Amino acid sequence: MTPTSTNRWFAQRYNVNNAWIFNGNNGNLNNNNVNNTNRAQAVAILPIFSIKRFYLMTEVLFFALLLSVMFSTRKNKRYGRDSMAFEMNWPPLLVRLMRELNARTFRILHNYTFLVSIPKWREIFATEFAGRIIDHILCDTLKPWIERTLHPRTFNNRESMGSQAAINQVIEDICEVSNGYTETAWVIKWDLKGFFPNADCDYMESCFMRVIDRFHDDIVDKYGAFMPPFLKWLAMIAIHCYPAKHYERRTPKYLWDAHIKPEKSILNKPDGQGVPIGRMSSQTGMGLYINDEVIWLNEDCGIRTTVFMDDGVMVVQDRLKDYALSLLPELRRRLAAKGVKMNDKKFYCQQHWKGLEFLGSHIHPWSVILNDGTWARCLARIEEYNQLSAVEKYRELDRFISTVNSYTGLLKNRTSYKRIMVLKETIADDWWQWLDWNARRQCVVSKPKYTFRQRLCKKYNLKLKRL
């Protein structure tokens with residue numbers, strides 16, 4: 001296997017004594033002992049940010065790039081149906097994706113849709129694994145410049161931010177504006193109606209284009225002249241993929257008719273209107289979608305405004321209440337120009353001491369409490385697991401641990417110690433033969449004999465060494 005071979009081979013470490021051998025022509029994958037006299041072209045798996053001259057890349061280097069993106073795409077979703085289907089035959093599929101990207105012929109044509117009922121009924125669209133790779137290339141590459149574009153008070157889909165950070169920001173604003181809760185502060189909460197289904201795809205695409213144009217020189221300096229046009233093409237095919245025209249429905253249609261209003265579904269929207277919930281490009285793009293309005297309210301108008309996706313909270317002093325309310329007609333006009341409307345039924349304007357419900361929590365000067373709906377779903381979910389037979393409980397052990405700890409994580413960030421104890425008491429006695437309660441972290445953990453690793457070794461009679 002010399003470098004001059006007609007087969008474009010490269011070696012990647014398989015285990016201690018063997019290396020992967022990949023044929024770029026036909027996608028065949030094998031492994032070979034490294035202790036031989038054969039020569040091979042060695043190619044490391046490079047992170048996307050380390051490749052600066054894409055237009056000089058060989059197919060081998062491009063394949064290595066896509067391989068690293070594939071690993072980041074499947075993170076925490078490796079056991080999804082489409083992820084497993086792709087991974088079972090990944091070498092030729094990745095080669096085909098590489099060549100379609102090089103030829104600019106790739107299109108996102110395989111989508112599926114389903115409904116979720118928690119916290120409320122929503123329509124979710126997802127795409128094939130190859131389409132998710134496209135989303136990761138686009139969003140991960142632009143992440144540093146998107147972060148510089150977004151206002152610090154936009155909290156959705158950003159690293160080191162999230163719903164809890166948004167709640168903390170609102171609490172901090174109330175404390176500062178009310179001078180330590182000694183003066184009256186007014187809280188104005190607004191909500192956007194049908195944010196995703198009514199979004200304008202052309203405008204969202206232009207949001208990505210503006211970021212690419214604004215930081216064009218930085219992108220070229222880091223990746224090369226090829227990257228700006230390549231990213232613009234990725235943004236175009238990711239946003240204008242028209243999922244309503246080619247999709248698989250994985251939830252019975254009668255549930256759509258019963259729970260999803262026509263204006264809440266992108267299946268009823270004309271071409272170019274509505275973006276799917278569930279796609280990384282959509283989540284990132286919607287943060288950019290109303291970024292100009294967030295900047296206008298905070299910087300130009302001087303109103304403390306915190307935004308998480310389609311929820312916004314304005315905190316003002318008593319003397320500025322009328323001024324803040326006078327800005328809402330202009331805010332409505334600006335949003336309407338982008339096809340977005342404010343929800344009049346979810347408008348809130350009261351003094352801070354009366355409390356505020358924001359992102360599933362009740363915010364009071366003396367406490368932050370998880371709302372009753374989420375708490376009721378928590379208890380109901382644990383009761384569902386309690387009804388399982390012993391065999392089913394053992395099989396669902398990891399899923400049960402994740403479910404319980406997701407709710408304890410929510411409760412720990414609120415003043416809800418008593419509810420954590422109630423949650424612990426709700427867990428049936430059968431579970432404690434495999435689980436322990438970690439009092440310091442306030443969560444459930446597997447007993448040493450029943451960790452995932454130990455159960456895997458016992459099931460398949462394995463002797464796995466610790467790394």
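Worth saying up front: this structure is predicted, and the values here are computed from it rather than measured.

Asker: Explain helix 6 (residues 201-214) residue by residue, including any values.
Answerer: Residues lying three or four places apart along an α-helix face the same way, a consequence of the helix completing one turn every 3.6 residues. An ideal rise of 1.5 Å per residue puts 20 Å on 14 residues; helix 6 measures up with 20 Å between its terminal C-alpha atoms. Taken as a whole, helix 6 has its buried residues at Cys201, Tyr203, Met204, Glu205, Cys207, Phe208, Met209, Val211 and Ile212. Contact partners of the buried residues in helix 6: helix 4 (129-149), helix 7 (216-223), helix 8 (227-239), helix 10 (280-289) and helix 11 (291-300).

Asker: Describe the sheet that holds strand 13 (residues 361-363), and please don't skip the residues or the numbers.
Answerer: Ordered by their spatial adjacency, 3 strands build an open sheet running 12-13-14, and the pairing between neighbours is antiparallel. Edge strands, defined here as strands with exactly one partner in the open sheet, are strand 12 (356-358) and strand 14 (368-370). The mean inter-strand angle of the sheet, taken between neighbouring strand axes irrespective of direction, is 25°. The pairing of strand 12 with strand 13 spans 3 bridges and is classified as antiparallel. Bridge pairing in strand 13 links Leu356 to Ile363.

Asker: With reference to specific residues and values, describe a positive patch on the surface.
Answerer: Together, Lys120, Arg122, Lys193, Lys261, Lys264, Lys341, Lys345 and Lys346 line one region of the surface with positive charge. Along the chain, Lys120 turns up in the loop between strand 4 (111-116) and strand 5 (122-127).

Asker: Give me the lowdown on the packing of aromatic side chains, citing residues and values where you can.
Answerer: The tally for this structure, following the rule as stated, stands at 14 aromatic pairs. Taking the centre distance of 6.2 Å and the plane angle of 80° together, the rings of Phe195 and Tyr289 count as edge-to-face. One end of the pair, Phe195, is in the loop between strand 6 (185-193) and helix 6; the other, Tyr289, is in helix 10, with 94 residues separating them in the sequence. Considered together, Phe195 and Tyr289 belong to a single accessibility category, that of buried residues. A connected cluster of aromatic rings, assembled from ring pairs, spans Tyr385, Tyr394, Phe400, Trp431 and Trp434.

Asker: A description of the pattern of salt bridges should follow, citing residues and the corresponding values.
Answerer: Note on pairing: side chains with opposite charge can pair once their charged atoms come close. Scanning all chains against the criterion turns up 23 salt bridges. Note that Asp173 is salt-bridged to Arg153, the shortest N-O span being 2.6 Å. A residue pair is termed long-range when its members are at least 10 positions apart, and Asp173 in helix 5 (residues 163-177) and Arg153 in the loop between helix 4 and helix 5 qualify at 20 residues. Asp430 is the partner of Lys393 in a salt bridge, and the nearest nitrogen-oxygen pair spans 3.1 Å. Residue Lys393 is found in helix 15 (residues 390-395), and its partner Asp430 is found in the loop between helix 17 (417-426) and strand 15 (435-438); the two are separated by 37 residues along the sequence. By relative accessible area, which is 2% here, Lys393 ends up buried. On the basis of relative accessible area, Asp430 is assigned to the partly exposed category, the value being 41%. Several salt bridges converge on common partners, so that one network encompasses Arg153, Asp173, Glu176 and Arg304.

Asker: Would you mind going over empty space enclosed by the protein in detail, with residue names and values included?
Answerer: A full pass over the atoms with the stated rule returns 4 cavities of 30 Å³ or more. Taken as a whole, the largest cavity encloses approximately 130 Å³ of empty space. Looking at side-chain class alone, the lining of the largest cavity contains 10 nonpolar, 3 polar and 2 charged residues.

Asker: So what's going on with the layout of surface pockets? Residues and values would help.
Answerer: Its boundaries defined by the atoms lining it, the second largest pocket holds a volume of some 1300 Å³. As for the second largest pocket, its lining consists of 38 residues, and the residues nearest its centre are Thr73, Lys75, Asn76, Lys77 and His136. Listed by contribution, the elements that provide at least two residues to the lining of the second largest pocket are helix 1 (59-73), helix 2 (81-88), strand 4, strand 5, helix 4 and helix 10. The biggest single contributor to the lining of the second largest pocket is helix 4, with 8 residues. Here the residues of the lining of the second largest pocket are counted per class, giving 11 nonpolar, 13 polar and 14 charged.

Asker: So what's going on with the nonpolar core? Residues and values would help.
Answerer: If you look at the biggest cluster of nonpolar residues, it comprises 91 residues, and the most contacted ones within it are Leu94, Ile133 and Leu234. Those residues in contact with Leu234 that sit more than four places away from it in its chain are Leu101, Ile134, Ile137 and Leu138. Residues Trp375, Ile401, Leu411 and Trp431 belong to the second largest nonpolar core, which totals 20 residues.

Asker: Kindly report on the environment of Ile382, identifying the contributing residues and their values.
Answerer: Relative to the elements of secondary structure, Ile382 occurs in helix 14 (residues 372-386). A relative accessible area of 1% places Ile382 in the buried class. Filtering out sequence-adjacent residues up to four positions away, Ile382 remains in contact with Phe400, Leu423, Thr426 and Ile427.

Asker: Tell me about unusual backbone geometry, residues and numbers included.
Answerer: With a phi angle near 65°, Ser160 is a residue other than glycine that sits in the positive phi range. Taking the relative accessible area as the measure of exposure, Ser160 reaches 75% and is therefore exposed. Non-glycine residue Asn179 carries a positive phi angle of around 55°. By the secondary structure assignment, Asn179 is in the loop between helix 5 and strand 6. Classification of Asn179 by relative accessible area gives partly exposed; the value is 48%.

Asker: Before we move on, can you summarise the sheet that holds strand 5 with the specific residues and values?
Answerer: Pairing in this open sheet of 3 strands is mixed, and the strands run 5-4-7 from one edge to the other. The open sheet terminates on both sides in strands that have one partner only, identified here as strand 5 and strand 7 (247-249). When strand polarity is set aside, the average angle formed by the axes of neighbouring strands in this sheet is 30°. In the sheet, strand 4 pairs with strand 7 via 3 bridges, with the strands oriented parallel. Paired with Thr113 across the bridge in strand 7 is Arg249.

Conventions adopted
Residues numbered from 1 in each chain as written. Predicted model: local features only at pLDDT ≥ 70, side-chain atom pairs only at ≥ 80, totals over all residues. Heavy atoms only, no water. Helix = DSSP H or I, 4+ residues; strand = E, 2+ residues; numbered from the N terminus. Expected span 1.5 Å × (residues − 1). Buried < 20%, exposed > 50% of the residue type's maximum accessible area, 1.4 Å probe, protein only. Contact = heavy atoms within 4.5 Å. Pairing = 2+ DSSP bridges. Axes fitted to C-alpha atoms, helices over the stretch in contact; angles between N-to-C directions. Patch = residues over 30% accessible without salt bridge, like charges linked within 9 Å, V, L, I, M, F, W, Y side chains within 5 Å. Areas by Shrake-Rupley, 256 points an atom, 1.4 Å probe, with all protein chains shown as cover. Salt bridge = Lys/Arg side-chain N within 4 Å of Asp/Glu carboxyl O. Lys, Arg positive; Asp, Glu negative; His and termini not counted. Charge placed at Lys NZ, Arg CZ, Asp CG, Glu CD. Phe/Tyr/Trp six-rings, centres within 6.5 Å; stacked < 30°, edge-to-face > 60°. 1 Å grid on protein atoms, 1.4 Å probe; cavity = no way out; pocket = protein on both sides within 12 Å on 5 of 7 lines; lining within 4 Å. Points joined across faces, edges and corners; volume = space filled by probe spheres on them. Nonpolar A, V, L, I, M, F, W, Y, C, P; charged D, E, K, R; others polar. Core = buried A, V, L, I, M, F, W, Y, C linked by side-chain atoms within 4.5 Å.

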